[in-house]
Amino acid sequence: MDPEAAPPDEAALKRHRPLYRAIARRLNPRVRRSDITVTDEPTVRRATKAAAVGNAMEWFDFGIYSYLAVIIGKVFFPGAGATQLLASFTAFAASFLVRPLGGLFFGPLGDRIGRKQVLALTMVLMAAGTFAIGLIPSYATIGVASPVLLLVCRMVQGFSTGGEYGGAATFIAEYAPDKRRGFFGSFLELGTLAGYTGAAALVLLLNTTLGEQTMLDWGWRIPFLVGGPIGVVGLYLRLKLEETPAFRKQVEELSHSANAAAEARSAPKAAENTPKREFSAIFAGQWQRLLLCIGLVAAYNITDYMLLSYMPAYLTSEMGYSGSMELVAAIIAMVAMMTVLQQIGRLSDRVGRKPILLAGMLGFLVLTVPAFQLFRLGNFLAAVGGLLVLGACLVCLLGTMSATLPALFPTKVRYGSLSIGYNVATSIFGGTAPGIMTYLVDSTGNNLAPAFYASGAALLGIIAVLCMRETAQQPLDGSPPSVSTEEEAKELVRKQSSNQR
């Protein structure tokens with residue numbers, strides 16, 4: 001019987017009352033106090049901080065690459081002007097081609113051996129790739145080997161980040177209490193904005209102190225070299241944490257299953273078939289949720305990369321802004337978003353994820369073109385105003401998405417499903433967004449083309465949000481309820497007993 005099917009008519013209910021009562025108990029079994037996870041606030045905050053630092057590291061890398069896109073084009077590629085910028089953004093997009101492979105590798109691995117170990121591994125690879133870019137000689141020094149090495153480092157980063165967001169979002173969601181998952185999930189995107197803001201601030205400082213020629217000669221390397229120590233800090237924080245309560249509970253249940261002995265005897269064969277079973281569980285069992293995840297992430301990433309990655313280069317190359325005005329405007333917009341991000345997460349815990357997501361998507365649909373019209377005015381205040389308009393829409397997605405996406409999938413395949421769905425969408429739509437927008441402007445001659453592209457993405461997002469179910473204040477699928485205090489746990493048991501009577 002489908003739990004979401006229409007209830008039986010009154011006559012059938014009277015004829016088969018014991019049967020329907022038994023079905024209801026099976027579909028909604030009574031939760032015992034021992035089934036409920038009572039979270040420890042300091043532990044949840046440490047877990048959130050460790051996950052957010054890794055996410056900040058990921059977006060620090062993307063931020064410095066985006067904000068140095070013009071210089072990277074000159075250092076690593078031949079040609080001039082728009083050709084070098086397009087080549088730079090093409091290399092930016094190339095790393096996204098391997099992100100789905102990283103998701104396919106790290107996601108199911110995280111469901112099998114645990115979230116903590118995989119997140120530590122992705123942290124190491126990400127920091128190493130970022131640090132290595134700062135050491136690559138220029139095209140003028142070693143020729144075509146220079147862009148080849150850049151692509152290799154970008155692909156290492158792309159492969160590692162294939163397991164980063166899905167794991168970090170899963171990690172926080174499984175640690176957070178059900179009624180505060182939006183609040184704690186917002187810290188992950190706070191890390192995103194912190195990474196971008198830190199990258200923009202560092203590039204602005206270097207541009208101001210070193211000057212254009214010194215930045216072109218060697219100053220651009222400094223932000224990439226800084227990524228190494230940041231990665232070491234993130235690794236230290238992650239290695240100090242325990243596994244999530246939901247994963248530990250799942251492992252405990254499996255170890256006490258009636259078939260544990262039989263599984264142990266056939267361990268070699270089981271190990272051989274494990275990847276096949278994992279992929280079958282994800283692609284055959286979760287394909288509808290995967291499509292929904294891809295739709296949500298596609299809309300979210302196009303708008304996200306437009307504002308945080310593409311806009312500084314757009315304002316410089318297309319709108320003629322100079323003197324680092326575009327970086328200052330971007331920093332102001334991102335700091336403004338950071339100040340309200342956690343309040344958006346709290347609000348989504350109270351009113352639900354869907355209303356907040358719809359507000360953000362509708363905002364992008366209606367306000368993106370007017371915001372781009374502000375950029376055309378060519379002055380600093382207009383640029384800040386346009387970015388703030390887009391930022392107000394984006395913060396609705398940033399503050400909600402990290403709690404929404406993990407709740408789409410059950411615990412046993414959550415890391416793998418989310419990593420695959422997220423990275424397929426990011427690879428196709430997110431990483432290509434700056435390059436596509438650059439191409440659209442160059443080929444059409446219309447500098448409003450990126451706004452139309454983002455508006456189309458928002459329309460896709462609206463459809464996806466309308467198709468999803470509300471998950472605020474609900475336990476994660478396949479996990480026991482999670483609460484903040486013993487009193488909440490007892491009240492939950494009492495309430496359930498009262499409802500059953």
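Model, not experiment: these values are computed from the prediction. (Residues numbered from 1 in each chain as written. Predicted model: local features only at pLDDT ≥ 70, side-chain atom pairs only at ≥ 80, totals over all residues. Heavy atoms only, no water.)

### Examining the overall build of the protein chain
Reasoning step 1: For the protein chain, the count of helices and strands is 24 helices and two strands.
Reasoning step 2: Relative to its full complement of 501 residues, the protein chain shows a buried share of 53%.
Reasoning step 3: When contacts within the protein chain are restricted to residue pairs at least 6 apart in sequence, those whose partners lie at least 24 apart make up 87%.
Reasoning step 4: If you sum the accessible surface of the protein chain, you get close to 21100 Å²; carbon and sulfur atoms cover 64% of it. (Helix = DSSP H or I, 4+ residues; strand = E, 2+ residues; numbered from the N terminus. Buried < 20%, exposed > 50% of the residue type's maximum accessible area, 1.4 Å probe, protein only. Contact = heavy atoms within 4.5 Å. Areas by Shrake-Rupley, 256 points an atom, 1.4 Å probe, with all protein chains shown as cover.)

### Structural notes on the confidence of the model for the protein chain
Parts of the model with low pLDDT should not have their predicted coordinates read in detail.
Reasoning step 1: Model confidence for the protein chain is summarised by a mean pLDDT of 81, while 87% of its residues fall at 70 or above.
Reasoning step 2: The least confident element of the protein chain is helix α15 (residues 260-265), whose mean pLDDT is 46; the most confident is helix α19 (residues 353-375), at 94.
Reasoning step 3: Low pLDDT, under 50, characterises residues 260-273; the stretch is placed with three contacts to residues that sit more than four places away or in other chains. (pLDDT = per-residue confidence, 0-100.)

### Some words on the pattern of salt bridges
Reasoning step 1: Inspection of the entire model under this criterion finds eight salt bridges.
Reasoning step 2: Between arginine 115 and glutamate 174 there is a salt bridge whose closest N-O contact spans 2.7 Å. Taken together, the residues arginine 115 in helix α7 (residues 115-133) and glutamate 174 in helix α10 (residues 164-175) connect sequence positions 59 residues apart.
Reasoning step 3: Residues arginine 414 and glutamate 174 are paired through a salt bridge, measuring 2.7 Å at the closest nitrogen-oxygen approach. Remark: glutamate 174 occurs in helix α10 and arginine 414 occurs in helix α21 (residues 414-430); sequence separation between them is 240 residues.
Reasoning step 4: Bridged by salt links that share partners, the residues Asp111, Arg115, Glu174 and Arg414 form one connected network. (Salt bridge = Lys/Arg side-chain N within 4 Å of Asp/Glu carboxyl O.)

### Some points on the packing of α10 against α21
Reasoning step 1: Viewed as axis vectors pointing N to C, α10 and α21 meet at an angle of 140°, and their least axial separation amounts to 8 Å. In terms of their interaxial angle, α10 and α21 are classed as oblique. The crossing of α10 and α21 is right-handed. In contact with Tyr165, Gly166, Gly167, Ala169, Thr170 and Glu174 of α10, α21 contributes Arg414, Tyr415, Leu418, Ser419 and Tyr422. (Axes fitted to C-alpha atoms, helices over the stretch in contact; angles between N-to-C directions. Parallel < 35°, antiparallel > 145°, perpendicular 65-115°, else oblique. Left-handed = near helix turned anticlockwise from the far one by under 90°.)

### So, the packing of aromatic side chains
Reasoning step 1: As enumerated under the stated definition, the model contains 13 aromatic pairs in all.
Reasoning step 2: On the basis of an interplanar angle of 75° and a centroid distance of 6.0 Å, the ring pair of tryptophan 220 and phenylalanine 224 is categorised as edge-to-face.
Reasoning step 3: In this structure phenylalanine 224 comes out as buried when scored by relative accessible area, which is 0%.
Reasoning step 4: An aromatic cluster of three or more residues is present, and its members are Tyr310, Tyr314, Phe372 and Phe375.
Reasoning step 5: The ring of tyrosine 65 carries the charged tip of arginine 154 above its face, separated from the ring centre by 4.6 Å. (Phe/Tyr/Trp six-rings, centres within 6.5 Å; stacked < 30°, edge-to-face > 60°. Lys NZ or Arg CZ within 6 Å of the ring centre and 35° of its normal.)

### Concerning the nonpolar core
Reasoning step 1: Among the nonpolar cores identified, the biggest contains 123 residues, and Met311 and Leu405 are the most heavily contacted of them.
Reasoning step 2: In terms of residues, this core owes the most to one element, helix α17 (residues 287-317), which gives 17 residues.
Reasoning step 3: Among residues more than four places away in sequence, those in contact with leucine 405 are Tyr165, Cys293, Leu296, Val297, Leu418 and Tyr422. (Core = buried A, V, L, I, M, F, W, Y, C linked by side-chain atoms within 4.5 Å.)

### Considerations on the environment of glycine 352
Reasoning step 1: Mapping glycine 352 onto the fold places it in the loop between α18 (325-351) and α19.
Reasoning step 2: Classification of glycine 352 as buried rests on a relative accessible area of 3%.
Reasoning step 3: For glycine 352 and threonine 400, which are 48 residues apart along the polypeptide, the C-alpha to C-alpha distance reads 9.1 Å.
Reasoning step 4: Beyond its immediate chain neighbours, meaning those up to four positions away, glycine 352 contacts Leu347, Glu470 and Ala472.

### Concerning helix α22 (residues 433-444)
Reasoning step 1: With 12 residues, α22 ought to run about 16 Å at 1.5 Å a step, and its terminal C-alpha atoms sit 16 Å apart, in line with that.
Reasoning step 2: What α22 keeps buried is the set Ala433, Pro434, Gly435, Met437, Thr438 and Val441.
Reasoning step 3: If you follow the buried residues of α22, they end up packed against α5 (82-97), α17, α21 and α23 (449-467).
Reasoning step 4: Just downstream of α22 lies glycine 445, where phi reads positive at about 75°. (Expected span 1.5 Å × (residues − 1).)

### Brief notes about a nonpolar patch on the surface
Reasoning step 1: The grouping of Leu362, Leu365, Val366, Leu367, Leu459 and Ile463 at the surface amounts to a nonpolar patch, some 510 Å² of accessible area in total.
Reasoning step 2: With four residues, the single largest contributor to the nonpolar patch is α19.
Reasoning step 3: Within the secondary structure, leucine 365 sits in helix α19. (Patch = residues over 30% accessible without salt bridge, like charges linked within 9 Å, V, L, I, M, F, W, Y side chains within 5 Å.)

### Here we look at the packing of α19 against helix α20 (residues 380-404)
Reasoning step 1: Two elements in contact, α19 and α20, have axes separated by 9 Å at closest approach and are oriented at 160°. In terms of orientation, α19 and α20 fall into the roughly antiparallel class. The handedness of the crossing between α19 and α20 is left-handed.
Reasoning step 2: For the contact of α19 with α20, the per-class residue count stands at 20 nonpolar, seven polar and one charged. (Nonpolar A, V, L, I, M, F, W, Y, C, P; charged D, E, K, R; others polar.)

### Topic: the environment of serine 479
Reasoning step 1: Turning to its location among the elements, serine 479 is positioned in the loop between α23 and β2 (482-483).
Reasoning step 2: The class of serine 479 is buried, set by a relative accessible area of 13%.
Reasoning step 3: Sequence spacing of serine 479 and proline 245 is 234 residues, and the spatial spacing of their C-alpha atoms is 9.1 Å.

### A short note on unusual backbone geometry
Reasoning step 1: Phi at glutamine 473 is positive, roughly 65°, even though this residue is not glycine.
Reasoning step 2: Tracing the backbone shows glutamine 473 in the loop between α23 and β2.

### Remarks on the side chain of serine 427
Reasoning step 1: Mapped onto the elements of the fold, serine 427 is located in helix α21.
Reasoning step 2: With residues up to four places along the chain from it excluded, the contact list for serine 427 reads Phe96, Leu97, Pro100 and Thr432.

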